[in-house]
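Structural overview for review
Listed below, chain by chain, are the residues.
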Amino acid sequence: MEKEQFDGYKYIEGGVCAAAGFTANGLNCGINPVKEKNDLGLVYSEKPCNTAAVYTRNKVKGAPIIVTKKHLEKSGGVSRAVIVNSKNANTCNPNGEEIAEETSRLLADVLGIKPEEVIVASTGVIGMPIYIEPFKNHMEELVNSLSVNGNKEAVNAIMTTDTIQKESAVEFVIEGKSCHLGGMAKGSGMIHPDMATTLNFITTDAAISAEMLQKALSEIVKITYNCLSVDGDTSTNDMVSVMANGLAGNSQIMAEGESYNIFKQALYIVMLDMVKMLAADGEGASKFIECRCSGAPGTDTAIKAAKSVIGSSLVKCAVFGGDANCGRILCAIGYADIDIDVLKIDVELESCAGKILVCKDGMGLEFSEDFAAKILAEKEIYININLNQGNASARAWGCDLTYGYVKINGDYRS
């Protein structure tokens, strides 16, 4: 999948280590019995970071979510490190918060920072007992091998059913200063709005206040991660965090304006890039789907329509089977919580094989089934919806629903 290009922004390597002052590492601490697979990751900043985060809205929350919220409240939105494990979600455990707090304390002691400056996260099986020994026995090793090239080890540590590493970074300029923003993400299943839908850690050397960082993150989450759906299930451990250490040397962004807009666009580019990778790597997926909704009376309407289509199991199955069934798309728009005239809707299917109009003014059209099948046989499918009722637009992302998804989730714990 080609990256979208944006003037003034250059894609670079490095992920969470692309920004100045950040190092990372990952290793196997024994939570995952497969020794070749990292299960414990660390991201560290040499300087304190203004920090923003958004979390799952699931009422059942992982202990790390609860602890991280407490830490950022206590520290005033300042952090220095992220520690994250895979294979065990540390959710629905009676000693979950105790483990998350002790993990933070162990890391803080080795790094020489405060426990409340630690963002702690977990991903994996829910309701499985977790113990402190793996963390305790490997903490010094994890810290001692921190490296500016450690981003790949850290990404490997957060993967569960993911089949590819997901990271992105860009370089941009604020006030003549070269700035960098990069991130890593994990997620393949249990991905659905609302909030963030996966684990995502983003770092930047741009200087920006915690308040403006939170504002930018909340705005970009709405049009990226909250428009992503693989299977309709929202995880208990979802989190997106952004750490800004200010080492780029620009004047700290304290209000909206040109510098804020430049920074927010960089955040959008990296989060969009990772969202598309997450969608394409959905569990069992064979096709990436992007739904583009235009002609809406407002942005919220466009978002809701696109999300409804991308979240439909029937639409996902139709794409998997190569069935150009416009009825399923219209049905998904019709049950979205929006006020529209359904007799003005046009629907077009598109891929690198071409495009075909399958619905006009809310009514199905006659079209070449063979040509439509060729379009839907490609790996990247675009569902273009024009509501013809305004000028607003939005996009949403997902994947098809295959036999592979059922197989993966039928024996996930094993």
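See above for the structure.
All figures in this text were calculated on a predicted structure; none of them were measured in a lab. (Residues numbered from 1 in each chain as written. Predicted model: local features only at pLDDT ≥ 70, side-chain atom pairs only at ≥ 80, totals over all residues. Heavy atoms only, no water.)

**Things to note about the overall build of the protein chain**
Helices and strands together make up the secondary structure of the protein chain, namely eleven helices and 16 strands. The C-alpha atoms of the protein chain give a radius of gyration of 22 Å, which matches the 22 Å a tight globule of 414 residues would have. C-alpha extents for the protein chain along the principal axes are approximately 70 × 50 × 35 Å. Of the contacts formed within the protein chain by residues at least 6 apart in sequence, a portion of 81% connects residues at least 24 apart. Of the charged side chains in the protein chain, 38 are positive and 52 negative; the average position of the first set lies 2 Å away from that of the second. (Helix = DSSP H or I, 4+ residues; strand = E, 2+ residues; numbered from the N terminus. Rg over C-alpha atoms; globule rule 2.2 N^0.38 Å. Contact = heavy atoms within 4.5 Å. Lys, Arg positive; Asp, Glu negative; His and termini not counted. Charge placed at Lys NZ, Arg CZ, Asp CG, Glu CD.)

**Digging into the packing of aromatic side chains**
Following the criterion strictly, the structure yields four aromatic pairs and no others. Ring plane angle 70° and centroid distance 6.4 Å describe the contact between Phe 288 and Tyr 382, whose orientation is recorded as edge-to-face. Within this pair, whereas Phe 288 is found in strand β11 (residues 288–296), its partner Tyr 382 is found in strand β15 (residues 380–386), the two being separated by 94 residues in sequence. The pair formed by Phe 288 and Tyr 382 is uniform in burial state, with each residue classed as buried. Judged by centre distance (5.3 Å) and plane angle (90°), the rings of Phe 320 and Tyr 403 are edge-to-face. Residue Phe 320 is found in helix α8 (residues 313–321), and its partner Tyr 403 is found in helix α11 (residues 403–410); the two are separated by 83 residues along the sequence. Take Tyr 403: its relative accessible area is 69%, and that puts it in the exposed class. Across from the ring centre of Tyr 11, 5.0 Å away, lies the NZ or CZ of Lys 3, which sits over that ring. (Phe/Tyr/Trp six-rings, centres within 6.5 Å; stacked < 30°, edge-to-face > 60°. Buried < 20%, exposed > 50% of the residue type's maximum accessible area, 1.4 Å probe, protein only. Lys NZ or Arg CZ within 6 Å of the ring centre and 35° of its normal.)

**Focus on the nonpolar core**
Counting residues in each nonpolar core, the largest one holds 83 residues, and the members touching the most others are Phe 263, Leu 267, Ile 383 and Ile 385. Contacts of Ile 385, omitting those with residues within four sequence positions, involve Cys 291, Arg 292, Cys 293, Ser 294, Val 309, Ile 329, Ile 333, Ile 345 and Asp 346. If you look at the next biggest cluster of nonpolar residues, it comprises 24 residues, including Leu 106, Ala 108, Val 118 and Ile 130. (Core = buried A, V, L, I, M, F, W, Y, C linked by side-chain atoms within 4.5 Å.)

**A look at the packing of helix α2 (residues 96–111) against helix α3 (residues 133–144)**
Axis separation between α2 and α3 bottoms out at 10 Å; the angle between their running directions is 35°. α3 is crossed by α2, and the crossing has right-handed handedness. Facing Ile 99, Thr 103, Leu 106, Leu 107, Val 110 and Leu 111 of α2, the residues of α3 in contact are Phe 135, Lys 136, Met 139, Glu 140 and Val 143. Here the contact of α2 with α3 is built from residues that sort into eight nonpolar, one polar and two charged. (Axes fitted to C-alpha atoms, helices over the stretch in contact; angles between N-to-C directions. Left-handed = near helix turned anticlockwise from the far one by under 90°. Nonpolar A, V, L, I, M, F, W, Y, C, P; charged D, E, K, R; others polar.)

**Brief notes about helix α4 (residues 151–158)**
In terms of burial, α4 is a largely internal element, six of the eight residues being buried. Considered for burial, the residues of α4 that qualify are Asn 151, Ala 154, Val 155, Asn 156, Ala 157 and Ile 158.

**Quick look at the sheet that holds strand β13 (residues 354–360)**
With mixed pairing, the seven strands of this open sheet are ordered in space as β9-β16-β11-β15-β12-β13-β14. Strands with a single pairing partner mark the edges of an open sheet, and in this sheet they are β9 (228–229) and β14 (363–364). Sheet topology note: the strand β12 (residues 346–351)/β15 ladder contains five bridges and is antiparallel. For Val 347, the partnering residue across the bridge sits in β15 and is Ile 385. Together, β9, β11, β15 and β16 (392–399) form the strand contacts of helix α7 (residues 299–310), whose direction differs from that of β16 by roughly 20°. Sheet contacts for helix α10 (residues 369–376): β12, β13 and β15; angle to β13, the most-contacted strand, approximately 120°. (Pairing = 2+ DSSP bridges.)

**A short note on the environment of Lys 61**
Here Lys 61 shows up in the loop between β3 (40–55) and α1 (63–75). The spacing of Lys 61 and Lys 222 is 161 residues in sequence and 20 Å in space, taken between C-alpha atoms. When neighbours within four sequence positions are excluded, Lys 61 is seen to be in contact with Thr 56, Ile 66, Lys 69, Thr 91 and Thr 236. For Lys 61, the side chain forms a polar contact with the main-chain oxygen of Asn 58, separated by 2.7 Å. (Polar contact = N/O pair within 3.5 Å; in protein donor to acceptor, adjacent residues only side chain to side chain.)

**Overview of the pairing of β13**
Each regular strand shows side chains that alternate between the opposite faces of the sheet. Alignment of β12 against β13, held across five bridges, turns out to be antiparallel. Following the sheet pairing, Ser 351 is matched in β13 by Gly 354. The hairpin formed by β12 and β13 contains two residues between the paired strands. Hairpin connection of β13 to β14: two residues between the antiparallel strands, including Asp 361 at a positive phi of 55°.

**Quick look at the pattern of salt bridges**
Pairing between side chains of opposite charge can happen when their charged atoms approach one another. Summed over the entire model, instances satisfying the criterion amount to 17 salt bridges. The salt bridge partner of Glu 4 is Arg 395, with a shortest N-O separation of 2.8 Å. Residue Glu 4 is found in the segment before β1 (10–11), and its partner Arg 395 is found in strand β16; the two are separated by 391 residues along the sequence. Between Arg 105 and Glu 102 there is a salt bridge, with its nearest N and O atoms 2.6 Å apart. Placement of the pair is Arg 105 and Glu 102 together in helix α2, with a separation of three residues, close to one helical turn. For Arg 105, a relative accessible area of 34% gives the class partly exposed. (Salt bridge = Lys/Arg side-chain N within 4 Å of Asp/Glu carboxyl O.)

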